[in-house]
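Below, each chain spelled out in residue letters.
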Amino acid sequence: MRFESLDAAHPALFYFNSATAHCTYPDKKVTKADAVVAHMGSLEMSNERDINKMLVNQVLPTCQLQMGMTELAPGSVWNTMPAHVHSRRMEAYFYFEVPDDQAVCHFMGEVEETRHIWMRGNQAVLSPEWSIHSAAATHNYTFIWGMGGENLDYGDQDFSKITDLK
């Protein structure tokens, strides 16, 4: 297999996400057109977005890996608020479509003691199962999320009240 850019001024990117597996399933190409799309949030709350669930049980059988892509609408900067944890799986975020002069502030840690990391475009961050994850940016952005763990129930989340975050 060969991976190359058609336009050197706009180089192609390769992002790889994996998790251990205890069974096998047939290979299947999944495109954005195959995704289960959830339109969430609102412009008034600065979090209007489309969550494209691509590697989830509603699209194809998967062992421990779930993946998708969230696209924030122009004028929206928050994702995943209120913050939450997935107590039985970790999550990785890969931020892109972030203008060079802008940044994403990724929040993580425990509800009682959060931390933040300033991210640029084409950077990834890992969030352990005990950590909240949320982000806000200075511009709308897109990110790929990947979750690894034995719990494949996408909706299994423990939400934190915004007023409890410290």
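All figures in this text were calculated on a predicted structure; none of them were measured in a lab. (Residues numbered from 1 in each chain as written. Predicted model: local features only at pLDDT ≥ 70, side-chain atom pairs only at ≥ 80, totals over all residues. Heavy atoms only, no water.)

### A word on the pattern of salt bridges
Where charged atoms from two side chains of opposite charge approach closely, those side chains can pair.
Okay, so step 1: Enumeration over the complete set of coordinates arrives at two salt bridges.
Okay, so step 2: We note a salt bridge from arginine 115 to glutamate 113, for which the minimum N-O separation is 2.8 Å.
Okay, so step 3: Owing to a relative accessible area of 45%, glutamate 113 belongs among the partly exposed residues under this scheme. (Salt bridge = Lys/Arg side-chain N within 4 Å of Asp/Glu carboxyl O. Buried < 20%, exposed > 50% of the residue type's maximum accessible area, 1.4 Å probe, protein only.)

### Quick look at unusual backbone geometry
Okay, so step 1: Even without being glycine, glutamate 97 reaches a positive phi, approximately 55 degrees.
Okay, so step 2: Mapped onto the secondary structure, glutamate 97 falls in the loop between strand S5 (90–96) and strand S6 (104–110).
Okay, so step 3: Owing to a relative accessible area of 54%, glutamate 97 belongs among the exposed residues under this scheme.
Okay, so step 4: A positive phi angle is found at asparagine 122, which is not glycine, with a value near 65 degrees.
Okay, so step 5: Here asparagine 122 is to be found in the loop between strand S7 (113–119) and strand S8 (123–127). (Helix = DSSP H or I, 4+ residues; strand = E, 2+ residues; numbered from the N terminus.)

### Notes on the sheet that holds strand S10 (residues 142–148)
Okay, so step 1: Here we have six strands laid out as an open sheet, ordered S1-S2-S3-S10-S5-S8, and antiparallel in their pairing. Each having just a single partner strand, strand S1 (36–40) and S8 make up the two edges of the open sheet. Between one strand axis and the next, the sheet turns by 20 degrees as a mean value, whatever way the strands run.
Okay, so step 2: In the sheet, S1 pairs with strand S2 (residues 49–55) via five bridges, with the strands oriented antiparallel. Bridging across to S2, valine 37 finds its partner in asparagine 52. (Pairing = 2+ DSSP bridges. Axes fitted to C-alpha atoms, helices over the stretch in contact; angles between N-to-C directions.)

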